[in-house]
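Next come the chains, spelled out residue by residue.
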Amino acid sequence: MGEYSRPTPRVIEELRAIVGQEFVTTSKPILASYVSKGIMGLECTIADAVVRPRTVEEIQRVLRVARDERIPVTPTSGGLSGGFACPFIEPGGILLDLSRMDRILEVDVDCRYMVVEPGVTSGEAWSYFRSNYPNLAPPVPDGAPPAATVLGDAIERGFSLVTNKYGPQADLVLGMEVVLPTGEVVRTGSWALPGAKPFYKWGLGPDLGGLFLGAQGTMGVVTKLAIKVLPHSEHKDLIAYGFETVEHMVDATLEVLKKEICVLVQCGNWWLVPTRIAPESEVSSQRDFWKKAGVPEWFSNFEIWGRDDEDLNCQRRIIHSIMDEAKRKGIKAEEWKLHPKQKASRLTKPNKIAIPYALFKGSFLFITWYTPWKDASQFCRIAEEKMANYGIPPVLWVASIDHGRQAICMPIVCFDPTSPEELKKVQDFNRETTDIFLSKGWLNYRPDPSIHSPKTFSMAREYFDLLKKIKNILDPHGIMHPGRLTLP
Amino acid sequence: MAALSKINQYKSYIYRCIHCRACRFCYSGEPDRVGYGDYMGILMNCTAGKKYGWESHFGSGKMWIARALIEGTIQPSQEMADILLRCPTCGNCQVQCDNNIPTTEIIEALRAACVDAGVPLHEKHHAFLESIRVNNNPYHEMHETRTSWMQNQKDQKADLIYFVGCTAAYRQSDVARSTARLLEKLGFDFSVMRDEVCCGSPALRIGQISVAKQLMEKNLETLQHTGAKKILFSCAGCFRTFKVDYPKYAGKLPFEVVHAVEFFADLLDRKVLSPSKPFGQRVTWHDPCHLGRHITAHMKGRASIESSDVKKFRQEWFEKPRRILRSIPGIELVEIYRNREDAWCCGAGGGVRSAYPDLASETAQERIREAEAAGASSLITACPFCLTNLLDATRAMSSQMRVLDLFQLLEQVV
């Protein structure tokens, strides 16, 4: 990293000549305002300059300047990745703020995709479709706030409103336009053929798209995204069941998942309720209190969309009958009758459900892992025990991907961000559980650069070496910031 | 460091910002909200962020500037002050925040920190502060002419005092005259104070706390001599300052603080006020920030779990001007899309109109366009400062929209 340079005043002037005087800054307060810690990561550093391009050509030219001067570049669209969209090691280099590229360029109602620029937020995309294409839904993230971008969520392989049905957001991607660190522009999928629509995700020979999905901007700057849009149903419901144990929750829920009917299935323990209501001092953390309030020990939410009420009723019947059968087999399951307001808050997309966990102790971290669905109970037991050991409220969330072929498991670590001791505790917990989880064969989502990445890649050395070789081909001058993957 | 101590008071709130950026929108939790034309669902609602685009100009960015200041990464500076002051402190970011961060107070504390650190004032702010010092008003007008819009009812002992405010006294005297005439028509015994001085809002909003305190002291002393039991305001900014800021610095006030909207809404309920003349127009209502979300946010306070009383207050509070408008024969009230706590600011407040007139004007013009899209021919409000800025916007964009203060309208129809 020592070979990197910081942008000099001359370079800043060059950048201004490219994107315009008013779209490049080295103002310290502005640079500081882009810093973000929490949600997904605790480490990030301040950039040396923020550049806000408007066009692909401007990005090409900025990258060529960065290449010539060997200045690290970190692209960011909405910046919602809790620090993941920021550089994390010195020097911070250029933060490429893509929020000015905010157009929905195309909606193809026959092929059912849209083409968006990086700055299109999920809130804006949702409003646009409600106004113009009410029968279609853009695949916005679920739980991420409305400022999260569609493109950012997709290339992060994030969680969407239909992840149970269609898989991670990246599975909906049909094509990307990417400016490579060398300044070349490449398109993926069928889009790679000049004149072709982005109608088919597999392109000309081996697909290159995967190199840019989950790469956290380290392989190039994604400037356009073609992504599927989905039929939007006005017939929706949410059915919740409570369970006494996490094992019962995982087993009974899997039987529903196997029917492949729900668009979204999210589960968790009772701690999910109090920790997003109020500060710790103002809300009960006693299980008895929440038990009396009707909150189950563990619960599953099944979100269903139907073509009509009859279809919806059919799906409801399937879920209830599976739960009846589970009860006959000894699983303690009981329907959790949600208040209409509770249902509405979950069915609203995009929603702000994930935001208020900062109320409880001041901040929070989503430490997220992928496991096979059946392993989710073991994951929760381990996480629960370790969180208790570290004095961390054991808040646990689990969701299904691709009808339960995978689970996304997430301890929500609430902590006081003003306390260095608490920060150390969080990272110690993270380190200890990482060793355990990796040994079980579980994978981290959006790895922490100082914990998950080194541990993971030390176990998968050959794969990491290949990634480095590929990175070197795409980025021969090494200007894309190493990112959370610590790809040099 | 004194500058930092002001920010440190808010440390636990500042660190709650997870940079979710929901604070830049209106209806941030209502993506399916039905509207009209381009006004649907979640919309950008941060005036400064929309204009400048840098993260620093949104509420969330300012929380991270505050955090950097606490951690010593940055120091108060001219460029920091310039960023902070390009914001009308409309309070949208505060009401959208699900982590209950008092962003408006924090932004004002950051401005005060810059003042404490000796960061030079913006020349326009310096000019109006100097005028306040010399003339007791920011408009460079002689103090002696403050009440020249009115011939009688000055300095009398009265239970009810009409606190006019600088803008209505010097720039929108029709608002002052209409409010006074309404009171006269309805038979109220009231008085205005010749020695009324600037309420302190312009100073407070730009971080000049010591200047504001001096003004507060002067007003409180003058009011004490009147023996008033109730102080009535037609200015949203003065009202907000008396309602929220005066008790913070001067303790419990010995009188009731009432905005004319709530005063006349109450008279309407008691059938004392009964508009009889028709006003056959399609009108919409602009919620002034200082009368709207600044007050509801104040009533909510720091509580994370909102009480049913606060919910009821919010609902009733925003209904008051609407009830008055609906009571006028012939009027058709249509809602502008961004309304109540989700209103788009007029762009004038927080020292913006004087120092950054382009931001103020563009913001007001967007409001006029939104009113036009709602199909209204008149835009009614209850703040002479909003009125001034919105009127200027109609002229700048050659709009046919008629902008009126509620009390001007009310006086015509009673």
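Residues numbered from 1 in each chain as written. Chains lettered and ligands numbered in written order. Predicted model: local features only at pLDDT ≥ 70, side-chain atom pairs only at ≥ 80, totals over all residues.

Engineer: Looking at this structure, how should I read the overall build of chain A?
Structural biologist: In terms of regular secondary structure, chain A is built from 15 helices and 20 strands. In summary, chain A has a C-alpha radius of gyration of 23 Å against a globular reference of 23 Å for 488 residues, a match within 12%. (Helix = DSSP H or I, 4+ residues; strand = E, 2+ residues; numbered from the N terminus. Rg over C-alpha atoms; globule rule 2.2 N^0.38 Å.)

Engineer: What should I look at first to understand the overall build of chain B in this one?
Structural biologist: The helix and strand inventory of chain B stands at 20 helices and 10 strands. Principal-axis analysis of the C-alpha atoms places the extent of chain B at approximately 60 × 50 × 45 Å. Evaluated residue by residue, chain B yields a buried proportion of 57% over its 414 residues. Look at the contacts in chain B between residues 6 or more apart in sequence, and 78% of them connect residues 24 or more apart. (Buried ≥ 20, exposed ≤ 12 C-beta atoms within 10 Å, placed from the backbone. Contact = placed C-beta atoms within 7 Å.)

Engineer: Looking at this structure, how should I read the nonpolar core?
Structural biologist: Within soluble globular proteins, side chains that are nonpolar generally end up buried alongside one another. With 277 residues, the main nonpolar core has Val62, Leu225, Ile227 and Val413 of chain A together with Leu110 of chain B as its most contacted residues. The residues contacting Val62 of chain A, other than those within four sequence positions of it, are Leu15, Ile18, Val19, Val51, Pro53 and Leu96 of chain A. (Core = buried A, V, L, I, M, F, W, Y, C linked by C-beta atoms within 7 Å.)

Engineer: Looking at this structure, how should I read the packing of helix H13 (residues 420-439) of chain A against helix H14 (residues 452-459) of chain A?
Structural biologist: Residue and element names in this part refer to chain A. It is the contact of H13 with H14, at a shortest axis distance of 10 Å, that shows an interaxial angle of 30 degrees. Viewed along their axes, H13 and H14 adopt a mutual orientation that is roughly parallel. Of the two possible hands of crossing, H13 and H14 adopt the one that is right-handed. Contacts between H13 and H14 involve Thr434, Asp435 and Leu438 from the former and His452, Lys455, Thr456 and Met459 from the latter. Broken down by class, the residue content of the contact of H13 with H14 amounts to two nonpolar, three polar and two charged. (Axes fitted to C-alpha atoms, helices over the stretch in contact; angles between N-to-C directions. Parallel < 35°, antiparallel > 145°, perpendicular 65-115°, else oblique. Left-handed = near helix turned anticlockwise from the far one by under 90°. Nonpolar A, V, L, I, M, F, W, Y, C, P; charged D, E, K, R; others polar.)

Engineer: Sorry, what's going on with the interface of chain B and chain A here?
Structural biologist: A common measure of how large an interface is: the accessible area buried when the components associate. Each partner contributes to the interface: chain B provides 36 residues, whereas chain A provides 45 residues. For the side of chain B that touches chain A, the per-class residue count stands at 16 nonpolar, 12 polar and eight charged.

Engineer: What is the right way to read the domain arrangement of chain B from this model?
Structural biologist: All names here are of chain B. Segmenting chain B into domains produces domain 1 (2-116), domain 2 (129-267) and domain 3 (274-413). On a C-alpha basis, the centres of domain 1 and domain 2 stand 29 Å from each other. Contact residues are listed per partner, giving seven residues for domain 1 and six residues for domain 2. The element contributing the most residues to the side of domain 1 that touches domain 2 is helix H7 (residues 103-116), with five residues. Residues belonging to the side of domain 1 that touches domain 2 are distributed by class as follows: four nonpolar, one polar and two charged. (Domains from an automatic or database assignment.)

Engineer: Help me out: how do you make sense of the sheet that holds strand S10 (residues 221-228) of chain A in this one?
Structural biologist: Whether parallel or antiparallel, the strands of a sheet pair through hydrogen bonds between backbone atoms. Residue and element names in this part refer to chain A. Sheet architecture is open: five strands sit in the order S5-S6-S10-S8-S9, paired in antiparallel fashion. One side of each edge strand has no neighbouring strand; the edge strands of this open sheet are strand S5 (104-108) and strand S9 (185-187). The average angle at which neighbouring strand axes cross in this sheet is 10 degrees, direction not considered. Where strand S6 (residues 113-116) lies against S10, four bridges are found, and the strand directions are antiparallel. Counted as the bridge partner of Val116 is Leu225 from S10. Helix H3 (residues 56-69) contacts strand S8 (173-179), S9 and S10 of the sheet and is inclined by roughly 50 degrees relative to S8. (Pairing = 2+ DSSP bridges.)

Engineer: Quick question: what am I supposed to make of the domain arrangement of chain A here?
Structural biologist: All names here are of chain A. One can read the domain layout of chain A as domain 1 (9-97), domain 2 (104-231) and domain 3 (235-444). The C-alpha centroid of domain 3 is placed 27 Å from the C-alpha centroid of domain 2. Contacts between the two partners involve 18 residues from domain 2, matched on the other side by 17 residues from domain 3. Within the side of domain 2 that touches domain 3, the residues separate by chemical class into 10 nonpolar, six polar and two charged.

Engineer: Honestly, the pairing of S8 of chain A in this entry has me stumped. Any pointers?
Structural biologist: Residue and element names in this part refer to chain A. Extensive coverage of S8 is indicated by the burial of seven of its seven residues. Bridge count for S8 against S10 is six bridges, and the pairing is antiparallel. Across the sheet, residue Met176 finds its bridge partner in S10, namely Leu225. Relative to S9, S8 runs antiparallel, the two sharing three bridges. Bridge pairing in S9 places Glu177 opposite Arg187. The antiparallel hairpin formed by S8 and S9 contains five residues in its connecting segment, where Gly183 sits at a positive phi of about 100 degrees.

Engineer: Which parts of the structure should I look at to understand the environment of Ser327 of chain B?
Structural biologist: All names here are of chain B. With respect to the element layout, Ser327 can be found in the loop between helix H16 (308-326) and strand S8 (332-333). Residue Ser327 is classed as partly exposed on the basis of its 17 C-beta neighbours within 10 Å. Along the primary structure Ser327 and Ser276 are separated by 51 residues, whereas in three dimensions their C-alpha atoms are 8.8 Å apart. For Ser327, the contacting residues outside a window of four places in its chain are Leu268 and Pro275.

Engineer: Whenever I open this one, the sheet that holds strand S4 (residues 94-97) of chain A confuses me. Can you help?
Structural biologist: Residues and elements named next belong to chain A. Spatially, the four strands line up as an open sheet ordered S1-S2-S4-S3, and their pairing is mixed. Here the strands that pair on one side only, and so sit at the sheet edges, are strand S1 (24-25) and strand S3 (73-76). Summarising the sheet, S3 and S4 pair through four bridges and their orientation is parallel. Bridging from a neighbouring strand, Thr76 pairs with Asp97 of S4.

Engineer: Can you help me understand the environment of Gln342 of chain A in this one?
Structural biologist: With respect to the helices and strands, Gln342 of chain A occurs in helix H10 (residues 340-347). Between the C-alpha atoms of Gln342 of chain A and Ser127 of chain A, which are 215 residues apart in sequence, the distance is 22 Å.

Engineer: Explain the environment of Lys51 of chain B here, please?
Structural biologist: Residues and elements named next belong to chain B. Tracing the backbone shows Lys51 in helix H3 (residues 47-52). Under the C-beta neighbour-count criterion, Lys51 is labelled partly exposed, with 16 such atoms within 10 Å. Between the C-alpha atom of Lys51 and that of Thr363, which follows or precedes it by 312 residues, the distance is 8.6 Å. Setting aside residues no more than four positions away along its own chain, Lys51 makes contact with Leu359 and Glu362.

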